[in-house]
Amino acid sequence: MKFLSITLLLAVCGAAGAAAQQRPETGFRVCNLSLREIEVAKALDTGASDATGRMIISEGWYKLPPNACTLLWAGPLQYDRYLVYAQDKSTGREWTGTVPVCVSPQAFTIRTNNCGSQYQRRLFTQVDTRRQNGWTHNFTP
């Protein structure tokens, strides 16, 4: 009888664990599949406008070691498209796209699309999450 109780308990715990693993993760995650540390910046086109045009909020830099991942946006994804950019400062390698976004050499949060002289523009990759709650974007070698 004891054996049956233990077996039943293990089966219930195993089923609960399997169900938890099958649930889709929420949030937007990036992974560094390269062999060197990279720095990642993120941006979001809010759809809102200010006096200078569309308001894009950009933030950086997130240091990401080789073969590591980090969550850039937590929780269910609220937008269809997210913007990401990465660079390897030691080699000059960049993971770019076609969307110009303001960045700064140091850690930053920028809430405008008007860069001015204190910021630089980098071309971010636009990622279409296809209305999923969770997404992983890989920076490959």
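Given the structure is predicted, the values throughout are model-derived calculations rather than measurements.

Draft legend 1. Focus on the pairing of strand 2 (residues 38-50). Bridging between strand 2 and strand 3 (residues 53-64) involves ten bridges; their strand directions are antiparallel. Counterpart to Lys42 in the pairing with strand 3 is Glu59. Where strand 2 lies against strand 5 (residues 81-88), five bridges are found, and the strand directions are antiparallel. The residue of strand 5 that forms the bridge with Lys42 is Val84.

Draft legend 2. Geometry of the side chain of Ser34. With respect to the helices and strands, Ser34 occurs in the loop between strand 1 (27-32) and strand 2. A relative accessible area of 6% places Ser34 in the buried class. One polar contact links Ser34 to Asn32, side chain to side chain, over a distance of 2.6 Å. Polar contacts involving the side chain of Ser34 include one to the main-chain carbonyl oxygen of Arg36, which spans 3.0 Å.

Draft legend 3. Spatial organisation of the state of the cysteines. This structure, assessed with the given rule, holds two disulfides. Disulfide pairing places Cys31 opposite Cys69 at an S-S distance of 1.9 Å. On the S-S bond that ties Cys31 to Cys69, the torsion sits near 105 degrees, and the link is right-handed. In this pair, Cys31 sits in strand 1 while Cys69 sits in strand 4 (residues 68-73), placing the two residues 38 residues apart along the sequence. Residue classification places Cys31 among the buried residues on the basis of a relative accessible area of 5%. You can call Cys69 partly exposed: its relative accessible area is 39%. In this model, Cys102 is linked to Cys115 through a disulfide, with the two sulfur atoms separated by 2.0 Å. Across the disulfide from Cys102 to Cys115, rotation about the S-S bond amounts to roughly -110 degrees, and the bridge is consequently left-handed. A residue pair is termed long-range when its members are at least 10 positions apart, and Cys102 in strand 7 (residues 99-103) and Cys115 in the loop between strand 8 (108-111) and strand 9 (120-128) qualify at 13 residues. Both residues of the pair, Cys102 and Cys115, count as buried.

What counts as what
- Residues numbered from 1 in each chain as written.
- Predicted model: local features only at pLDDT ≥ 70, side-chain atom pairs only at ≥ 80, totals over all residues.
- Heavy atoms only, no water.
- Pairing = 2+ DSSP bridges.
- Helix = DSSP H or I, 4+ residues; strand = E, 2+ residues; numbered from the N terminus.
- Buried < 20%, exposed > 50% of the residue type's maximum accessible area, 1.4 Å probe, protein only.
- Polar contact = N/O pair within 3.5 Å; in protein donor to acceptor, adjacent residues only side chain to side chain.
- Disulfide = S-S within 2.5 Å.

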